[in-house]
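Residue-level listing of the chains:
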Amino acid sequence: MSMTVERPTEQQAGSNGAKAREPGVPLPLVPNLGRTVRVVGPVVNVDTSQLPHPKNQRGELGKALFNWYHNTVSKDPLTRVSAPNHFADRRHFLTNITNRAPKGQVNPQRVAVSDPAAMTRHIKRVAHYMGADICRIARAHPAFLYAGNRYIQDGATEDEYASLGPAELARRFPYIVVITTAWDYEKLQAHRHHIGDASYHISQMKANLILKSVEGYIRELGYTALRGVSNPQGAGLAAGVGELGRNGLVISEKFGPRIHMPDPIMTDLPLLPDEPIDIGVNEFCQICRKCAITCPTNSITFEDKVVYNGIEKFKIKWETCYRLRPYVADHWGSCLTCVTVCPYTKPNVWWRTLTVKTLSACPVPARPALVRALKWVDDKFWGVVRQKRVRWMGYDSGIKPGEKACTIAGCTAAHENAGASAKVEGNIGYYAPLKENTNRFVKRDV
Amino acid sequence: MSKVALRLGPITLPWLGKPADDPYWDFFLHTPPHDVQNSAVDLVRKAPEGAINPAQEEIHSPEINARHIKELAVFLGAKLVGIAALDPTAPDTPEGYPFAIVNVVRAEHDPRETPGIGGQVPVQNGLYVTFVLSAYIRELGFRATAKRPADGVRLAAAAGLGTVDAQGRLVTPQYGAKVYVADIVFTDLPLAPDRSSRG
């Protein structure tokens, strides 16, 4: 797995639309990203201006998506306080406050770290104490880092190291702390619904608050903490948060793909990096394809891995995935179907632990048979797509999208717009079938 | 019942899984931040309050509203939630807010005695709940403000969450005194108040 590659030459860099900041500087050993992702060629550092949200902010992805991003106030009050950019009042969105706050000074009285292993245990304990679900450390590698600039989508991330290139940053700040929070499993069952959105957005806000707090704490310890420098997935794979699945998401051991990995912290605090894990995602995703089958926009490939930007992985078509959003914004914010149907998305309980442990202990040649058996169990008991009816707060996924009804027993309020006692029976949630409308998202030109 | 049995989490034995030797934990709990901007608590508390949405959402009856607000607070991380009706004649009651939503989070260490970033984690967790909850109510089109009154513990007792001990701490049946009463969300959203544990 370890091999040496040279930095890309200028013409290779140009073909990807990203800039190689330091041509001619050789990369160190190729990072170990586990079994699902292999670095096979020269990697061009991604320019943050080429990421989906910045492209959309400039209007490069078409009017519909631009207007959805900039000018849409959500109809759902909970989305208005928890989702980026769809608030009626931006002061109601906590992440705006945490991520745009000025940064504190590094404490000049540095806490001496004699044993990096003890400090690693401490930082992980701190993150879990604040409510994180997974905290692991990656050894920084220039290939994870953005090309020189900072990712500023969610806030102000300028710092005095902005002029350093990826190689120099990885040398001076050799560790990346990846902190994740898991989405609520029960609420996620109502994906393509505001209940699923709540599961997604609220844990995202929490993760941003935890990261802000841990970032401040590392400065209090007397060390530098940089944000907006590293690709969370690269760092997450190297840290062993999970393995990259067919759906383009990092699939974790305890929670599957239902995790948030907001902008990780790059630091010079002496730590002990973790290793990538093997939970059988490589074999599972070769066989399963549940996410590809159910994706409403056909953005997930049915084919094998491809080499993109020097990295062999399952490549999703992010543009078609993203382009769905303005058309469904009245009914939900985030689709989340590929996460909900993933067989790794299960409650974090003993039978899940047992299954994942069995899968990772199983020798690789015997895994396909085990995976086929597990997929059969998953299809049989959880279904090809989740259609469970979820009721939470005033929401009810049993009500058809676009219709309003109050289905709460005992509610005596007079509802003007909603059918006060609309009869909705059964335990099957409304699942908007979008597959037949797929072509408009795939073929349409902007 | 079978479903409940299937959902049992991992078995944890209380004498196992004790934290390994951690020489930095004391610093985490007790050393106040050198620069307050490194504290997330400070920046969330100082954040300005947003405007009340002029388009009021359709709401349910007060009992149902109270249930929904509690469901949201618990989802945000509150361990106990209670609603107290405020006495409009009392001198320190903020005007125009008939109800107080009291959120209680776990606190292994009393934040008043542990000024470090770690010691303030219960405050951070509490602020997360009260910030989002009050913003949500304002987005519903009702008045809501998260404040830190002197009598927060008394309001928690009035909301039926526990009793006040001699040191002025809230003692709850579920978690004892290892709790922290978060900022109080004052609101005029129609809610059904909880009965005080004494009444």
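Just so it is clear, the model here is predicted, and its values are computed rather than measured.

Let us now look at the overall build of chain B. For chain B, the count of helices and strands is six helices and seven strands. A buried classification covers 43% of the 199 residues belonging to chain B. In chain B, the proportion of contacts linking residues at least 24 apart, taken out of those at least 6 apart, comes to 74%.

Here we come to the overall build of chain A. When its secondary structure is counted, chain A shows 18 helices and twelve strands. Buried residues in chain A amount to 49% of all 446 residues.

Mapping A:W392 onto the fold places it in strand β11 (residues 391–392). For the pair A:W392 and A:V356, spaced 36 residues apart in the sequence, the C-alpha separation amounts to 30 Å. Beyond its immediate stretch of four places on either side in the chain, A:W392 contacts A:K187, A:I195 and B:E71.

Turning to the interface of chain A and chain B, a few remarks are in order. Between chain A and chain B, the contact holds 54 residues from the first and 53 residues from the second. Of all the elements in the fold, those that place two or more residues in the side of chain A that touches chain B are α4 (77–82), α5 (94–100), α6 (116–130), α9 (194–220) and α16 (350–361) of chain A. For the side of chain A that touches chain B, the element with the most residues is α9(A), which contributes nine residues. Considering only residue class, the side of chain A that touches chain B consists of 28 nonpolar, 15 polar and eleven charged.

Our focus in this paragraph is the domain arrangement of chain A. Residues and elements named next belong to chain A. When the domains of chain A are assigned, the result is domain 1 (10–283) and domain 2 (388–430). Contacts between the two partners involve seven residues from domain 1, matched on the other side by six residues from domain 2. Breaking the side of domain 1 that touches domain 2 down by element, the ones donating at least two residues are α8 (185–188) and α9. By residue class, the composition of the side of domain 1 that touches domain 2 is two nonpolar, three polar and two charged.

All names here are of chain B. Remark: helix α4 (residues 62–76) packs on helix α5 (residues 121–140), axes separated minimally by 9 Å, with the N-to-C direction vectors making an angle of 145°. Between α4 and α5 lies a crossing whose hand is right-handed. Residues L72, A73 and L76 of α4 lie in contact with α5, whose contacting residues are Y128, V129, V132, L133 and Y136. The class makeup of the residues in the contact of α4 with α5 is eight nonpolar, no polar and no charged.

A separate point is the environment of B:V121. Looking at where B:V121 falls in the secondary structure, it is placed in helix α5. On the basis of neighbour counts, which here come to 28 C-beta atoms within 10 Å, the residue B:V121 falls in the buried class. Taking the C-alpha atoms as reference points, B:V121 and B:E71, 50 residues apart in sequence, are found 22 Å from one another. Dropping the residues within four chain positions of it, B:V121 is found in contact with A:Y129 and A:M130.

Residues at a pLDDT of 70 or more form 88% of chain B, whose mean pLDDT is 87. What the predictor reports for the complex is a pTM of 0.89 with an ipTM of 0.90.

Quick look at the sheet that holds strand β1 (residues 38–39) of chain A now. Taken in spatial order, the three strands line up as β1-β10-β9 (chain A) in an open sheet, and their pairing is antiparallel. In this open sheet, the two strands that pair with only one neighbour each are β1 and β9 (306–308) of chain A.

So, about the nonpolar core. By size, the foremost hydrophobic cluster in this structure holds 162 residues, and its most contacted members are A:V214, B:V102 and B:V104. Composition of this core by domain shows at least three residues from each of domain 1 (10–283) and domain 2 (388–430) of chain A. Residues within four places of B:V102 in sequence aside, it is in contact with B:V81, B:G82, B:A84, B:L155, B:A156, B:A159, B:L161, B:V181 and B:I184.

Looking now at the pairing of strand β2 (residues 134–139) of chain A. All names here are of chain A. For β2, a buried count of six out of six residues is recorded, marking the element as mostly surrounded by other parts of the structure. Residues I134, R136 and A138 point to one face of β2 and C135, I137 and R139 to the other, with burial holding for every one of them. When β2 meets strand β3 (residues 175–182), the two strands line up antiparallel, connected through six bridges. Looking at β3, one finds that A138 is bridged to I176.

This paragraph deals with the packing of α6(A) against α9(A). All names here are of chain A. Put simply, α6 and α9 touch, their axes get as near as 10 Å, and they point 145° apart. Judged by the sense of rotation from one axis to the other, the crossing of α6 with α9 is right-handed. On the side of α6, the interface is formed by V126, A127 and M130, while α9 contributes I210, S213, V214 and Y217. Tallied by class, residues from the contact of α6 with α9 come to six nonpolar, one polar and no charged.

As a further point, take the confidence of the model for chain A. Averaged over chain A, the pLDDT score is 85; the fraction of residues at 70 or greater is 87%. Segment residues 439–446 of chain A: pLDDT under 50, and nine contacts once partners within four positions in sequence are set aside and those in other chains are kept.

So, about α9(A). All names here are of chain A. Taking 1.5 Å as the rise per residue, α9 with 27 residues should run 39 Å; its terminal C-alpha atoms sit 38 Å apart, in good agreement. The buried fraction of α9 amounts to 27 of the 27 residues, a majority that puts the element mostly inside the structure. The positive-phi residue at the C-terminal boundary of α9 is G222, with phi of around 100°.

All names here are of chain A. Even without being a glycine, N309 presents a positive backbone phi close to 50°. Positionally, N309 belongs in the loop between β9 and β10 (311–313). Take N309: there are 19 C-beta atoms within 10 Å of it, and that puts it in the partly exposed class. The residue L336 is not glycine, and still its phi comes out positive at about 65°. As for its position among the elements, L336 is in the loop between α14 (325–328) and α15 (337–340).

Cut-off values and rules
- Residues numbered from 1 in each chain as written.
- Chains lettered and ligands numbered in written order.
- Predicted model: local features only at pLDDT ≥ 70, side-chain atom pairs only at ≥ 80, totals over all residues.
- Helix = DSSP H or I, 4+ residues; strand = E, 2+ residues; numbered from the N terminus.
- Buried ≥ 20, exposed ≤ 12 C-beta atoms within 10 Å, placed from the backbone.
- Contact = placed C-beta atoms within 7 Å.
- Nonpolar A, V, L, I, M, F, W, Y, C, P; charged D, E, K, R; others polar.
- Domains from an automatic or database assignment.
- Axes fitted to C-alpha atoms, helices over the stretch in contact; angles between N-to-C directions.
- Left-handed = near helix turned anticlockwise from the far one by under 90°.
- pLDDT = per-residue confidence, 0-100.
- Pairing = 2+ DSSP bridges.
- Core = buried A, V, L, I, M, F, W, Y, C linked by C-beta atoms within 7 Å.
- Expected span 1.5 Å × (residues − 1).

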